[in-house]
Amino acid sequence: MSSGEIEGEFCSYFGTTSSGYAFSFTQDSEAIHMMKRWEGGDPGVANQKSPTCLLLTPDLRFHSFGFAARDFYHDLDPEEARHWLYFDKFKMKIHSTSDLTMETELEAVNGRRVRAIEVFAHALHFFREHALKEVKDQSSSVLEGEEIRWVITVPAVWRQPAKQFMREAAYLAGLVSPDCPEQLLIALEPEAASIYCRKLRLHQVIDLSMQPITNGLDLDGSRPFDSSFRQGDRYIVADCGGGTVDLTVHQIEQPQGTLKELYKASGGPYGAVGVDLAFEAMLCQIFGEDFIQSFKAKRPAAWVDLTIAFEARKRTAAPGRANALNISLPFSFIDYYKRHRGQSVEAALRRSNMNIVKWSSQGMLRLTQEAMTELFQPTIVNIVKHIEELMVKPEVCGVRFLFLVGGFAESPMLQKAVQKALGRTCRIIIPHDVGLTILKGAVLFGLDPTVVRVRRCPLTYGVGVLNRFVEGRHPRDKLLIKDGREWCTDILDRFVSVDQSVALGEVVRRSYTPARLGQRKIIINIYCSITDDVTYISDPGVRKCGTITLDLPEPLPLPGAVGGAGGGGGGGGPERREIRATMQFGDTEIKVTAVDVMSNRCVRASIDFLSN
C-alpha cells in the first residue's frame, strides 16, 4: 500500500499499568493528537492514559475497559462481583510466559480463566472503536479501514512469539485484516521513545545531572535538543514502565539523522509493579498469606480498591520525605480480618513486629520512609544495576545521555537513585511529558518506519541442515548414510547471529527443494539460541522456536509438454523445483517471502512463532 493512500495513523500504547493512544493525519503529520477524554478518570487530572484493566460479564462478553471497568467493578455488590471477570496488569503475563501460544490463558481476579488472546483482542477492539469515534468527533471525517495505519507498541525485550501474539490479537480485534498485514506496525517502546527524545527542545526536559551543562548550549531552549547532540552521539533510553525496564542504545547517523542500534535491547521484569508486589508481600507478612489469598478471592473488588490506594500513594513517595504515607484499608478488610482471625488489624500489626508500618486510628496503614524505601529498593537496585552493566559494554562506551522515560521514570525514588549512581558519567534527561513519550514517538515511527536504520539481533537464528560428513570433525552419532553418501545431520545453518548489526532491507536468502513429487508444502523448523557458539541444533541452549511454511503452487506445465500435469518433460522436469526464500531480520518483526525460481511466481510464505 503506498503511503499516499494512508489518511490517518493511530498508535495504541498498551502499557502494563496504563494504556492510551495518539493519532495524526498524513496531511499534517507534525500535529500529534493525544487521546484526552477517558470516562471516569480521577477528578482534576488530565487523564491521557487509562488504567490497563478490562471487565467481562459473567457470560464472558466485553463490558468495559480502563477507569470505567475499574469503577463499575468497584460498585458491584461483593456477592455479584465474584461472578464478573476483572483483569488487571495482564500484559505482564505475555512477557513471563515462556511457551506462549494462542491457547495461553489469563486468570481474572475471581480465579476464572480465559484465553489471553481474547482478553487482548477485547482491549484492542475497544481502542479501535474509541479512536475512530474520537476522530469523527474532532475532525468530522470518517476514516475507512484501509485508510488507516495502526501502530501497536511492545517492549523491545519481548521475543518474536509475543510480538506475533499482539499482531494476532489485532487481527482478532478487527483492527486490520490478515490480508493486509502492512497496515499494522509493531513499534518497540524504547525505540519509539528514542525517536521522540532526539527531537526535544531544552525547555521540554528536566536535566538531573550533577555536572554543569557545558558544550556551549543556549539555555533558552530555542534550538532543538538535537543541537546538543553532536555528530555520531550515542545515548541510552531507559524505558521504565509498569512491568518491564527496557534499555536501548542508539547512535545518530549523520548526515541523514537516522538511528543505529549499538547493542541488542536488554532489560527485564523490573517495572513499577515490583513495588506493588513488595507491598503485597509485606501485607502477607503482617496478616498471613492465607488470609490475603482468601480476602482476594472473597472480596475481589475491595482488594482492587486497596491496590489502587497503594498505587496513588506510591507515586508521591520521595526520598527524604519526613511524614509517613497513609494508605486507607477498606472497611471490608478490617471487618473480614476480625471475623476471620478473631482479632483486630491493629493487634496483627503489633504482633508482626513490623516497626516500619504503624496503625492510625482513622483506619490507615502508616508506611514510614523506611518502609517505602524497603518496598522500592529491590526494583530500583535491579534497574540501576542493569543500566550500569550496559554502560560498561565496549559497544556502549562513550554514551553522553541517558533518557529516563515511561511512567515509573516519574518516581522521585527512581530518579534520585539513578542520579546518585550515574549522574557523574552522563547527562540524565527526563522529558516533561515522560508518561506520553512512547505514544508520541510511536506516531513518529508510524509516519516513517525507516528512521531506525540498523538494529541488533536479540538471538542467533537458523535451521538444521545436512552437510557432507567429515571423519574426525563430525561426531559419529550424527552420521547418516543416504544413497551411498555419508552426511552429517543437525548442523545449524545460521541466518543471523546474536547482537549482529542488521540494516533495514538487508536480507538472508536460502533455497529449498521439495523432497517428494507433488509435495504441496515445505515446512522448515527455525531454531534459536542466546549465544553464538553453536554448531548443532542439538547443542545445549538451542531450541526450536518457530516454523517457516512455504505453500507450493501447482508447477506450470513445460512448453510443449503433453497433458496438463507437467509430467515427463525429461530429466525430472519441473519437479526438481527450487523455492527461494528471502528473510528480513532488520525490522521490528521477522518477515519471509518466497518465489518459485522456475516460474518466477510468488509462493505463499509464512513464519510462525506461536504454534510450538
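Reference entry: report on the structure contained in this document. What you are looking at is a predicted structure, and each value in this text was computed from that prediction instead of being measured.

Looking only at helices and strands, the protein chain features 14 helices and 31 strands. Going through the 612 residues of the protein chain one by one, you find that 52% of them count as buried. In the protein chain, the proportion of contacts linking residues at least 24 apart, taken out of those at least 6 apart, comes to 69%. With the model as given, the accessible surface of the protein chain reaches about 27,400 Å², and the carbon-plus-sulfur share is 51%.

A packed helix pair is summarised by two numbers, namely the angle formed by the two axes and the spacing between the axes. One can describe the packing of helix α6 (residues 189–197) onto helix α14 (residues 437–447) by two numbers: an axis separation of 7 Å at closest approach and a directional angle of 85°. It follows from the interaxial angle that α6 and α14 lie roughly perpendicular. When α6 is examined against α14, the residues E189, E191, A192, A193, I195, Y196 and C197 are found in contact with a partner set consisting of T437, I438, K440, G441, A442, L444 and F445.

All of the buried residues along helix α13 (residues 412–422) are M413, L414, Q415, V418, Q419 and L422. Summarising the contacts, the buried residues of α13 are in contact with β13 (234–240), α12 (369–391), β19 (401–405) and β20 (427–431).

Attention now goes to the environment of P553. Counting through the fold element by element, P553 comes out in the loop between β28 (543–551) and β29 (579–584). Separated by 32 residues in sequence, P553 and K521 have C-alpha atoms that sit 8.8 Å apart. Contact partners of P553, with chain neighbours within four places excluded, come to R520, R577, R601 and V603.

Turning our eyes to something else, we now look at the packing of aromatic side chains. Inspection of every chain in the model, using the stated rule, returns 27 aromatic pairs. Aromatic pair F23 and F25: ring centres 6.0 Å apart, planes at 75°, arrangement edge-to-face. When its relative accessible area of 13% is taken as the criterion, F25 is described as buried. With a centroid separation of 5.1 Å and 75° between ring planes, the pair formed by F287 and F333 is classed as edge-to-face. In this pair, F287 is assigned in helix α7 (residues 273–287) and F333 in helix α10 (residues 331–341), connecting sequence segments 46 residues apart. Side by side, F287 and F333 carry an identical accessibility label, which is buried. Every member of this aromatic cluster is reached through a ring pair, and the members are F287, F291, F295, F333, Y336 and Y337. The residue whose ring lies beneath K91 is W158, and the NZ or CZ to ring-centre distance is 5.6 Å. Positioned above the aromatic ring of Y536, the side-chain terminus of K478 is 5.3 Å from the ring centre.

A word on the packing of α7 against helix α8 (residues 289–298). Direction vectors running N to C along α7 and α8 enclose 115°, while the axes themselves pass 6 Å from each other. Taking contact as the criterion, the partners of E280, L283, C284 and F287 in α7 are, on α8, E289, F291, I292, Q293 and K296. Residues belonging to the contact of α7 with α8 are distributed by class as follows: 5 nonpolar, 1 polar and 3 charged.

All told, the structure shown has 34 salt bridges when counted by the stated rule. R350 is the partner of E346 in a salt bridge, and the nearest nitrogen-oxygen pair spans 3.7 Å. Placement of both E346 and R350 in helix α11 (residues 345–351) is noted, with a separation of 4 residues, approximately one turn of the helix. Classification of E346 as partly exposed rests on a relative accessible area of 37%. A salt bridge links D587 to K591, with the shortest nitrogen-to-oxygen separation between them at 3.0 Å. A relative accessible area of 35% means that K591 is categorised as partly exposed. Among the charged side chains, a network of salt bridges with common partners joins D88, K89, D276, E311, K314 and R315.

Attention shifts here to the side chain of D499. Counting through the fold element by element, D499 comes out in the loop between β24 (485–496) and β25 (501–503). Residue D499 is classed as buried on the basis of its relative accessible area, which comes to 15%. A distance of 2.9 Å separates the side chain of D499 from the backbone nitrogen of K264, its partner in a polar contact. Once residues lying within four places of it in the same chain are set aside, the contact partners of D499 are Y263, K264, E395, R456 and C457.

With that settled, the discussion passes to the side chain of D493. By secondary structure assignment, the location of D493 is in strand β24. Excluding its chain neighbours within four sequence positions, the residues that come into contact with D493 are Y461, G462, V463, V465 and R510.

Strand order in this open sheet of 8 strands is β12-β20-β19-β13-β14-β15-β21-β25, and the pairing throughout is mixed. Edge strands, defined here as strands with exactly one partner in the open sheet, are β12 (205–207) and β25. Averaged over neighbouring strand pairs, the angle between their axes works out to 25° when direction is ignored. Where β12 meets β20, 3 bridges bridge the pair, whose relative direction is antiparallel. Each residue of the ladder has a partner; that of V205, found in β20, is P431. Packed onto the sheet, α12 meets β13, β14 (245–252), β15 (259–268) and β19 and runs at close to 30° relative to β14.

Nonpolar side chains in soluble globular proteins tend to be buried together. Formed by 95 residues in total, the largest nonpolar core has its most connected members in F287, F333, V357, L367, M372, L402 and L404. Take this core: its biggest share by element is 10 residues, from α12. Once you skip the residues sitting within four places of it in the chain, V357 turns out to touch M282, I286, L349, L365, R366, L367 and A371. Counting 48 residues, the second largest nonpolar core, distinct from the first, contains A121, I152, V154 and V176.

Leaving glycine out, the prevailing phi sign among residues is negative, and the prevailing peptide bond configuration is trans. Of note, the phi angle at L60 is positive, near 70°, even though the residue is not glycine. Structurally, L60 is set in the loop between β5 (53–56) and β6 (62–65). Judged by relative accessible area, L60 falls into the partly exposed class, the value being 38%. Positive phi, normally seen in glycine, also occurs at D499, with a value near 65°.

The rules behind each value
- Throughout this document, residue positions are counted from 1 along each chain, in the order its sequence is written.
- Given that this is a predicted model, residues contribute local features only at a pLDDT of at least 70 and side-chain atom pairs are listed and counted only at 80 or more, while totals for whole chains, interfaces and linings are drawn from all residues.
- To get the side-chain values, all heavy atoms of the structure are used, and hydrogens and water are removed first.
- Only DSSP runs of H or I covering at least 4 residues are called helices, and only runs of E covering at least 2 are called strands; the numbering of each starts at the N terminus.
- Throughout this description, buried means an accessible area under 20% of the type-specific maximum (1.4 Å probe, protein chains only), exposed means over 50%, and partly exposed covers the range between.
- We call two residues in contact when some of their heavy atoms are within 4.5 Å.
- In this description, accessible areas are obtained by the Shrake-Rupley approach with a 1.4 Å probe, and a residue is regarded as covered only by the protein chains that are shown.
- Under this scheme, a helix contributes an axis fitted over its contacting stretch, all axes are lines through C-alpha atoms, and angles between N-to-C directions fall in the 0 to 180 degree range.
- In this scheme, roughly parallel covers angles under 35 degrees and roughly antiparallel covers those over 145, while 65 to 115 is roughly perpendicular and the rest are oblique.
- Between the rings of Phe, Tyr and Trp (Trp by its six-membered ring), a pair exists once the centres lie within 6.5 Å; its type follows the angle of the planes, with under 30 degrees stacked, over 60 edge-to-face, and the other angles tilted.
- Charge over a ring is defined by NZ of Lys or CZ of Arg lying within 6 Å of the ring centre and within 35 degrees of the ring normal.
- Under the convention adopted here, Pro, Cys and the residues Ala, Val, Leu, Ile, Met, Phe, Trp and Tyr are nonpolar, Asp, Glu, Lys and Arg are charged, and Gly plus all remaining residues are polar.
- Put simply, a salt bridge is a Lys or Arg side-chain nitrogen that is within 4 Å of an Asp or Glu carboxyl oxygen.
- Counting of polar contacts relies on pairs of N or O atoms within 3.5 Å, with two restrictions inside protein: one atom must be capable of donating a hydrogen and the other of accepting it, and residues adjacent in sequence are counted only when both atoms are side-chain atoms.
- A pair of strands counts as paired when DSSP detects no fewer than two bridges linking them.
- Put simply, a nonpolar core is a bunch of buried Ala, Val, Leu, Ile, Met, Phe, Trp, Tyr and Cys residues held in one set by side-chain atoms that sit within 4.5 Å of each other.

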